Amino acid sequence: MELFQAKDHYILQSGERALWCSRRDGSLQLRAATDLLLAWNPICLGLVEGVIGKVQLHTDLPWWLLLIRQKALIGRLPGDHEVCKITKIAVIPLSETEPQDLELELCKKHHFGINKPEKITQSPDDSKFLLKTLTQIKSNVSAPNKKKIKESKEKEKLEKRLLEELFKMFMDSDSFYYSLTYDLTNSVQRQSMCEKTNLPLWRKVDDRFFWNKHMIEDLISTDNAEVDFWIIPIIQGFVQIEELVVNYSESSDDEKSSPETPQESTCIDDIHPTFLVALISRRSRHRAGMRYKRRGVDKNGNVANYVETEQLIHVHNHTLSFIQTRGSVPVFWSQVGYRYNPRPRLDRSENETVSCFRAHFEEQLKNYKKQVIINLVDQTGREKIIGDAYLKQVLLYNNANLTYVSFDFHEHCRGMKFENVQTLTDAIHDIILDMKWCWVDQAGVICKQEGIFRVNCMDCLDRTNVVQAAIARVVMEQQLKKLGVMPPEQPLPVKCNRIYQIIWANNGDAISRQYAGTAALKGDFTRTGERKLAGVMKDGVNSANRYYLNRFRDAYRQAVIDLMQGIPVTEDLYSIFTKEKEHEALHKENVRSHQELISQLLQSYMKLLLPDDEKFHGGWALIDCDPRGSVT
C-alpha cells in the first residue's frame, strides 16, 4: 500500500480503500481512495506493508503512527497460509513535524526513475507565518519561562529515548509476527472448535495474544465493514517452520560438504517420508513486561511472562498440534534492587494471594480443562520461599483438575548433566500419553488434547525451555509413529533431531530476549543435547548482560510496553534519566559491588561445573573486575 503525506494528514491507500491519519489530533478515518484529490498537495513517500497502530509516548506529546515497513516470509502453514515476521517499522509523528527519512521502498507509479521521495515544501505564506510566530515566541520568552523550556527539552529527550526503545523492540528482537490469512493467536484445537463463519480474522482472535489491540483501538471501534482490511492482528513471540526428512541413512553435513563425496540428485520425497514442523509461541499482552519489572500474579489473575507454545506437525492431510504454557509463579512476589540476582521476596500474605491464585487457575482450567504444573524452582536456597508459597496455594485451591509436579532442575542436573531431564520425562510419561494431542484432517477432528503442561522456573526462560523441548520431543515421536512416518522402535534421525533442537533453542532465545534482554541460558544443551564449558562461559556473559540491562534499560522498555498496551506508566519517566546517571556514578565508585557480582557469578557456575564428589580449592580470575584497571 502507498503512503502519502499531505498538509493535514498522512494517507494510506490500497486499491479503492484509503485510511486518513490526522496530523492535528491523531484520529484515524476511513475514506474513499478518490478523496485523495481533496488532500492538500499529497506526495507519495513510498510503500508500506500494513498498519500496526498508533501510540502516544506522553500525554503532552503527539501521537505516533506505526507502520510495517519491511517483512520477512517465515514459511507457510498447512493450507498455504503465509506467516511473516516484522523486520522493520516506520514511525511517523501525527503532527506538523516533518518525518525523518523513512527509507521506504518507492512505488513505481509515483517514483519512476526517482531514487528518493520528494519533500513537501512550505508555501511562501506559511513560511512568513512561521517566521512571525517564531519571532513572537522569542520576544515573549522571559526568565520565568526558562523552566518551561527546560521541561520541554526533557520531554523531547524522553520521547527520543522511548522511540529508540520502540524501534529496538520491533527491529532487534525478532519478536513480532502476523499472517493475513491464518489466526496465529489461536491453536489448531481452538480453531477447530469454532464454528465456520465469514467473520474477519481480527474478530476471531484470542484476545490474550492480540498484541496491537490497544494501538489499533480507533479502528476496532469503527462501525464500518471496510475497517477489516486495515486491522492486522500481530503476536509477540516466535514462529519457525521447517520441513524435515526422515532419513536414517543420510550422511552428516560435514560429509556432504566434502568435495570427495559424490552428490546424487535423487528425489528424496519418493524414498523418505517428509513432514512439516512448526513452532508457534504467543506471548500474552496481559501483565507484559521485563523480568524484574513484572513478576508473579496481578489482582486479575494474570501472570508475568505468560507464553503459550504450540508444536504443530503436518503430514499429508493430517495436522497434529500439542500446546504447553509457561508463566510466572502465580503468587505476589518480586526481586527488588539492582544487585546481581536479587533475593526473591513475597509481597503479600498467603490469605491475600488466595483469590488471585484462584482467578488465574480458573481461567486456565476454563481454557485448557486440566493443568499439570511442572515446577522447576530450587527446593533449597533463595528460591525455596517461592516454591513453598506455590505449593501451599495449590493445596489450598485443592482442585482435582490440577496436578502438581516438582522437579529441582539444578539439583538433578548438577555438574552440567542436563541429560538428566529425561528422569522427569520418564516419570511423567504416562501423563504425557493420557494428555493426548489435537489431531485434525480434512474430515474434521480426530482427537483433542486433554489438558496442558504449565511449566515454570523463576524466570520461565532457561530451565523451562529445556524441559518443554524434552516433553514436546516425546510427543512428536509418538505422533510420527502413529502416522507411520517413524518406525516403532527407532528414535528421530540425527539430522531431524538436530534441526528440531535448533528450532527449540531459537524459541528459547526469542522468548528470553523479550523478557530478559539476552539469549537464553543453557541454550547450548537445547541446541546440541550437550552441555559444554563454552556454553557455561557464554551463560556467564549473558547473566552479566541481564544484570546490566535490568539496571539501565528495562525501565525504558517497560514504559514502552505499558504505553503500547494502554496501561498507565507506573514509574516516573522523568526520573529515569536521573536514576540512570546515579547508577552510572555508583557503578564507577562502588568497586565492592563489582567484586560481589563476579563472586556470585563464579559461585553460580562452580555449582554447574563441579561434579558432586569434587570440591573447589582455588582459582584465578581471568578478568579484572575493577573498572579502573585494564582487562587481563
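See the structure shown above.
A short tour of the structure in this document, coming up. None of the values given here were measured: they were computed from a predicted structure.

## A word on the overall build of the protein
Move 1: Tallying secondary structure elements over the protein gives 17 helices and 20 strands in all.
Move 2: In the protein, buried positions account for 49% of the 632 residues.
Move 3: Pairs at least 24 apart in sequence give 70% of the contacts found in the protein among residues at least 6 apart.

## Quick word on the sheet that holds strand β4 (residues 28-32)
Move 1: Strand order in this open sheet of five strands is β4-β3-β2-β1-β5, and the pairing throughout is antiparallel. Two strands close off the open sheet at either side, each with one partner strand: β4 and β5 (43-47). Within the sheet, the average angular offset between the axes of one strand and its neighbour, ignoring direction, is 25°.
Move 2: Bridge analysis of strand β1 (residues 2-5) against strand β2 (residues 9-14) gives four bridges, and the strand direction is antiparallel. From the neighbouring strand, Q5 faces β2, where its bridge partner is Y10.

## So, the environment of I11
Move 1: Within the element layout of this structure, I11 appears in strand β2.
Move 2: Considering only alpha carbons, one finds I11 and P42, 31 residues apart in sequence, at a separation of 8.4 Å.
Move 3: Filtering out sequence-adjacent residues up to four positions away, I11 remains in contact with E2, L3, F4, A18, L19, W20, L36 and A39.

## What about the nonpolar core?
Move 1: In this structure, F275, I374, L376, F409, F453 and V467 are the most contacted members of the largest nonpolar core, which totals 60 residues.
Move 2: Examining the composition of this core, we find that nine residues originate from one element, helix α11 (residues 462-482), more than from any other.
Move 3: Setting aside anything within four residues of it in sequence, one finds I374 in contact with V405, L424, I428, F453, R454, V455, N456 and V467.
Move 4: If you look at the next biggest cluster of nonpolar residues, it comprises 30 residues, including C84, L162, A559 and V560.

## Digging into the pattern of salt bridges
Move 1: Applying the stated criterion across every chain, the model contains 31 salt bridges.
Move 2: R76 serves as the salt-bridge partner of D80, at 3.2 Å between the closest nitrogen and oxygen.
Move 3: Residue R76 is classed as partly exposed on the basis of its relative accessible area of 38%.
Move 4: Through salt bridges with shared partners, a single network forms among R190, D206, R208, R282, E308 and E310.

## Quick look at the pairing of strand β6 (residues 50-56)
Move 1: The element β6 is largely enclosed, with a buried count of six among its seven residues.
Move 2: In the sheet, β6 pairs with strand β7 (residues 63-77) via six bridges, with the strands oriented antiparallel. Note that in β7 the partner of V51 across the bridge is L67.

## Some words on unusual backbone geometry
Move 1: Of note, the phi angle at N41 is positive, near 50°, even though the residue is not glycine.
Move 2: As for its position among the elements, N41 is in the loop between β4 and β5.
Move 3: Residue N305 is not a glycine yet carries a positive backbone phi of 50°.

## Structural notes on helix α6 (residues 350-368)
Move 1: For α6, with 19 residues, the first-to-last C-alpha span of 26 Å sits near the 27 Å given by 1.5 Å per residue.
Move 2: T353, C356, F357, H360, F361, Q364, L365 and Y368 are the residues of α6 that are buried.
Move 3: Positioned one or two residues after α6, K369 has a phi angle of 75°, which is positive.

## Section: the environment of C496
Move 1: As for its placement among the helices and strands, C496 is situated in helix α12 (residues 494-515).
Move 2: Since its relative accessible area comes to 1%, C496 is described here as buried.
Move 3: When the C-alpha atoms of C496 and L244 are compared, they prove to be 6.0 Å apart, with 252 residues separating the residues in sequence.
Move 4: In this view, C496 contacts L244, V245, V246 and F275; residues no more than four positions away in its chain are not counted.

## Let's talk about the packing of aromatic side chains
Move 1: Overall, the coordinates contain nine aromatic pairs when judged by the stated rule.
Move 2: Considering the side-chain rings of F176 and W211, the 5.9 Å spacing of their centres and the 70° angle between planes classify their relative orientation as edge-to-face. Of the two residues, F176 is situated in strand β9 (residues 176-178) and W211 in the loop between α3 (188-193) and α4 (217-220); the sequence distance between them amounts to 35 residues.
Move 3: The class for F176 is buried, based on a relative accessible area of 1%.
Move 4: On the basis of relative accessibility, which here comes to 1%, the residue W211 falls in the buried class.
Move 5: Centre to centre, the rings of F357 and Y397 are 6.1 Å apart; their planes meet at 75°, and the pair counts as edge-to-face.

## Digging into the environment of Q29
Move 1: Locating Q29 in the fold gives a position in strand β4.
Move 2: Judged by its relative accessible area of 40%, Q29 falls in the partly exposed class.
Move 3: With 18 residues separating them along the chain, Q29 and I11 place their C-alpha atoms 9.6 Å apart.
Move 4: In this view, Q29 contacts A18, L19 and W20; residues no more than four positions away in its chain are not counted.

## Some details on the pairing of strand β8 (residues 81-93)
Move 1: Looking at chain direction, β7 and β8 are connected through 12 bridges and run antiparallel. Bridging from a neighbouring strand, K71 pairs with I86 of β8.
Move 2: Hairpin geometry of β7 and β8 is characterised by an intervening segment of three residues between the two adjacent antiparallel strands and by a positive phi of about 100° at G79.
Move 3: Relative to β9, β8 runs antiparallel, the two being bridged by two bridges. Note that in β9 the partner of C84 across the bridge is Y178.

## So, the packing of α6 against helix α7 (residues 384-397)
Move 1: One can describe the packing of α6 onto α7 by two numbers: an axis separation of 10 Å at closest approach and a directional angle of 70°. Looking at the two axes, α6 sits roughly perpendicular to α7. Together, E350, T353, V354, F357, R358, F361, E362 and L365 of α6 and Y390, K392, Q393, V394, L396 and Y397 of α7 make up the contact between the two elements.

About the cut-offs
- Residues numbered from 1 in each chain as written.
- Predicted model: local features only at pLDDT ≥ 70, side-chain atom pairs only at ≥ 80, totals over all residues.
- Heavy atoms only, no water.
- Helix = DSSP H or I, 4+ residues; strand = E, 2+ residues; numbered from the N terminus.
- Buried < 20%, exposed > 50% of the residue type's maximum accessible area, 1.4 Å probe, protein only.
- Contact = heavy atoms within 4.5 Å.
- Pairing = 2+ DSSP bridges.
- Axes fitted to C-alpha atoms, helices over the stretch in contact; angles between N-to-C directions.
- Core = buried A, V, L, I, M, F, W, Y, C linked by side-chain atoms within 4.5 Å.
- Salt bridge = Lys/Arg side-chain N within 4 Å of Asp/Glu carboxyl O.
- Expected span 1.5 Å × (residues − 1).
- Phe/Tyr/Trp six-rings, centres within 6.5 Å; stacked < 30°, edge-to-face > 60°.
- Parallel < 35°, antiparallel > 145°, perpendicular 65-115°, else oblique.

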